[in-house]
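Listed below are the residues making up each chain.
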Amino acid sequence: MTRLLLPLCTVLFLCYATIGLPLPVLPGHVHHALGFDALLVALTIGVQSVSTLATRHMAGTMVDVRGPRRAVFAGVLVCALACGVYLVSIPFAAHSPAASLDVLLLGRAILGLGESLATTGVLSWAVALVGRERAGRAMAWVGISMYGALAVGAPVGAAIAKAYGFAGVSLAAMVAPLLGIAVMRAIPEVKPTGAARAPFHRVLGVVWRQGAGLTLATLGFGTLAAFGPLYYQAHGWSGSAAALTAFGAAYIVARLFFGTFPDRFGGARVAVVSLAVEIVGQLLLAQASSPAGAMAGATLTGFGFSLVFPSLGVEAVRHAPPANRGVVLGAYVAFFDVAIGLLVPLSGGLVRAMGYGAAFVAGAAASGLAVVLTLSPSRFSFPRTARVSEQPDRTS
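Residues numbered from 1 in each chain as written. Predicted model: local features only at pLDDT ≥ 70, side-chain atom pairs only at ≥ 80, totals over all residues. Heavy atoms only, no water.

Caption draft 1: Spatial organisation of the overall build of the protein chain. A count of helices and strands for the protein chain gives 15 helices and zero strands. Pairs at least 24 apart in sequence give 87% of the contacts found in the protein chain among residues at least 6 apart. Here the protein chain displays about 14600 Å² of accessible surface, and carbon together with sulfur accounts for 69% of that area. (Helix = DSSP H or I, 4+ residues; strand = E, 2+ residues; numbered from the N terminus. Contact = heavy atoms within 4.5 Å. Areas by Shrake-Rupley, 256 points an atom, 1.4 Å probe, with all protein chains shown as cover.)

Caption draft 2: Here's a closer look at the packing of aromatic side chains. Counted by the stated rule, this structure contains 15 aromatic pairs. Here the aromatic rings of Tyr-251 and Phe-305 are separated by 6.1 Å at their centres, their planes lie at 55°, and the arrangement is tilted. Separated by 54 residues along the polypeptide, Tyr-251 in helix H9 (residues 240-258) and Phe-305 in helix H12 (residues 291-306) bring together distant segments of the chain. Across the pair, exposure class does not vary: Tyr-251 and Phe-305 are buried alike. Both rings, one in Phe-258 and one in Phe-261, keep their centres 5.2 Å apart while their planes meet at 70°; by these two values the pair is edge-to-face. Take Phe-258: its relative accessible area is 29%, and that puts it in the partly exposed class. Through successive ring pairs, a cluster of aromatic residues spans Phe-227, Tyr-231, Tyr-232, Trp-237, Tyr-356 and Phe-360. (Phe/Tyr/Trp six-rings, centres within 6.5 Å; stacked < 30°, edge-to-face > 60°. Buried < 20%, exposed > 50% of the residue type's maximum accessible area, 1.4 Å probe, protein only.)

Caption draft 3: Expanded view of helix H3 (residues 38-66). The first and last C-alpha atoms of H3 sit 41 Å apart over 29 residues, in line with the 42 Å expected at 1.5 Å per residue. Of all the bends found along H3, the most pronounced is centred on Thr-55 and spans about 45°. Taken from the residues just after H3, Gly-67 is the one with a positive phi, measuring 100°. (Expected span 1.5 Å × (residues − 1). Bend = angle between axes of the 7 residues up to and from the residue.)

Caption draft 4: Highlighting the pattern of salt bridges. Inspection of every chain in the model, using the stated rule, returns three salt bridges. A salt bridge links Arg-352 to Asp-37; the shortest N-O distance between them is 2.5 Å. You can see Arg-352 sitting in helix H14 (residues 325-354) and its partner Asp-37 sitting in the loop between helix H2 (26-33) and H3, a full 315 residues away along the chain. Its relative accessible area of 52% is what places Arg-352 among the exposed residues. Residue Asp-37 is classed as partly exposed on the basis of its relative accessible area, which comes to 32%. Here Glu-115 makes a salt bridge to Arg-56, at a shortest N to O gap of 3.7 Å. Here Arg-56 lies in helix H3 and Glu-115 lies in helix H5 (residues 97-130), a separation of 59 residues in the sequence. For the pair Glu-115 and Arg-56, a shared accessibility class is recorded, and that class is buried. (Salt bridge = Lys/Arg side-chain N within 4 Å of Asp/Glu carboxyl O.)

Caption draft 5: Fine view of the side chain of Ser-170. Relative to the assigned elements, Ser-170 resides in helix H6 (residues 135-178). Owing to a relative accessible area of 1%, Ser-170 belongs among the buried residues under this scheme. Of note is the side chain of Ser-170, whose polar atom sits 2.9 Å from the backbone oxygen of Phe-166. Other than its neighbours up to four places away in sequence, Ser-170 contacts Cys-83, Tyr-86 and Leu-87. (Polar contact = N/O pair within 3.5 Å; in protein donor to acceptor, adjacent residues only side chain to side chain.)

Caption draft 6: Geometry of the nonpolar core. Counting residues in each nonpolar core, the largest one holds 108 residues, and the members touching the most others are Trp-125, Leu-129, Val-142, Tyr-147, Phe-221, Phe-227 and Phe-305. Of all the elements, helix H8 (residues 200-235) adds the most residues to this core, at 15 residues. Aside from chain neighbours lying at most four places away, what touches Trp-125 is Leu-8, Pro-68, Arg-69, Val-72, Met-184, Ile-187, Pro-188 and Val-190. Ala-59, Met-62, Val-63 and Leu-117 belong to the second largest nonpolar core, which has five residues in total. (Core = buried A, V, L, I, M, F, W, Y, C linked by side-chain atoms within 4.5 Å.)

Caption draft 7: How the structure looks around the packing of H9 against H12. Look at H9 against H12: their axes get within 7 Å of each other, and the N-to-C directions meet at 35°. Crossing of H9 over H12 shows right-handed handedness. Along its contact with H9, which presents Ala-242, Ala-243, Ala-246, Phe-247, Ala-250, Tyr-251, Val-253, Ala-254, Arg-255 and Phe-258, the element H12 presents Met-295, Ala-298, Thr-299, Thr-301, Gly-302, Phe-303, Phe-305 and Ser-306. Its residues assigned to classes, the contact of H9 with H12 shows 13 nonpolar, four polar and one charged. (Axes fitted to C-alpha atoms, helices over the stretch in contact; angles between N-to-C directions. Left-handed = near helix turned anticlockwise from the far one by under 90°. Nonpolar A, V, L, I, M, F, W, Y, C, P; charged D, E, K, R; others polar.)

Caption draft 8: Structural view of H9. In a regular helix each residue adds 1.5 Å, so 19 residues correspond to 27 Å; H9 covers 27 Å between its end C-alpha atoms and thus fits that length. Listing the buried residues of H9 in full gives Ser-240, Ala-241, Ala-243, Leu-244, Ala-246, Phe-247, Gly-248, Ala-250, Tyr-251, Ile-252, Ala-254 and Arg-255.

Caption draft 9: Spatial organisation of the environment of Thr-223. Turning to its location among the elements, Thr-223 is positioned in helix H8. A C-alpha to C-alpha distance of 9.0 Å links Thr-223 and Tyr-356, two positions 133 residues apart in sequence. Once you skip the residues sitting within four places of it in the chain, Thr-223 turns out to touch Gly-228, Gln-282, Val-344, Ser-347, Ala-359 and Phe-360. Separated by 3.0 Å, the side chain of Thr-223 and the backbone oxygen of Gly-220 make a polar contact.

Caption draft 10: A look at the environment of Gly-348. Position of Gly-348 among the secondary structure elements: in helix H14. Sequence spacing of Gly-348 and Thr-223 is 125 residues, and the spatial spacing of their C-alpha atoms is 8.7 Å. Sequence-distant contacts of Gly-348, defined by excluding residues within four places in its chain, comprise Leu-39, Ala-42 and Phe-227.

Caption draft 11: Representation of a nonpolar patch on the surface within the structure. Together, Val-253, Leu-256, Phe-257 and Phe-303 give the surface a local cluster of nonpolar side chains, amounting to about 400 Å² of exposed area. For the nonpolar patch, the element with the highest residue contribution is H9, accounting for three residues. Considering the arrangement of structural elements, one finds Val-253 in helix H9. The partly exposed category is assigned to Val-253, whose relative accessible area is 37%. (Patch = residues over 30% accessible without salt bridge, like charges linked within 9 Å, V, L, I, M, F, W, Y side chains within 5 Å.)

Structure below.
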């Protein structure tokens, strides 16, 4: 399994560098260099996921009809283009911050499309390579590559920004995904299913409960990504990038040591325990009085959130016939985008009214609600006529 998944996850790691490298720099760039407040910081972080949300079903259909390789290749190119647009925004900053922000938001929207294609393609490709019975482990690998890019990208991006500014970070993020093109040659081909486009309402009917749980659980990560650097600055602390690294490192450790648990013990059970850990982490962040306390909160948030995605994903995928795997995975992952694209900007208004700690309290409350949803079984599925037996997907 390692031989199959390692090259694939390397490609996604390089694509996610377009998110991880700028992540510790973007809030400060928008707030300090361009002069906008927390609400527009949250909007800048969130617009990427609004775009991703709008394109997930399209990406899933492309995966099912044309195959995951084409979707991932297109995602690589679009992610690189997005960071090129970041570079275009920089000359406007000195004389027209509003125009600079507009161009930056355009780049974020383009990045959302690239992430949609790359993530949906890699997820579907991974599950097809290892089989649906090991979907949880495949998703665990995919998550390691995504959040590994965030854990590594945060300190690297901060170091590049210190030496070369936002332009240096944007350039590095533009080059990173293009390196994945060579790696894609080592990945076995997967046949497209050629499936007809599944009705969107039917797909949502299958995954909405697991997806809503994912949305609520993701708010904890979203608030840390959007407001963590500003939270540190408000307290006069240094090392905000280290908090993101701690989140990512804990996320990876949980996936490495416990990534098989959703397949072994059931997704719902593992999700409930993981959500409880995330709640503790968010509450620690909310009342942190020192960098060490905030670091502990970020670590527990990452450790708890880590297994939520594959745990709820196992529950969603087991209802999906292979012919519609791409659109089901695309719809499920889209609920992550709802949190970043919609809930995080709403939490920006909460920060404006009540301070940064309130955003982390909201993250804890959302995770608590996710526990309730997870314990409520779904009654929806694809029609029996749509179910087909799992067959090997790989080409010879």
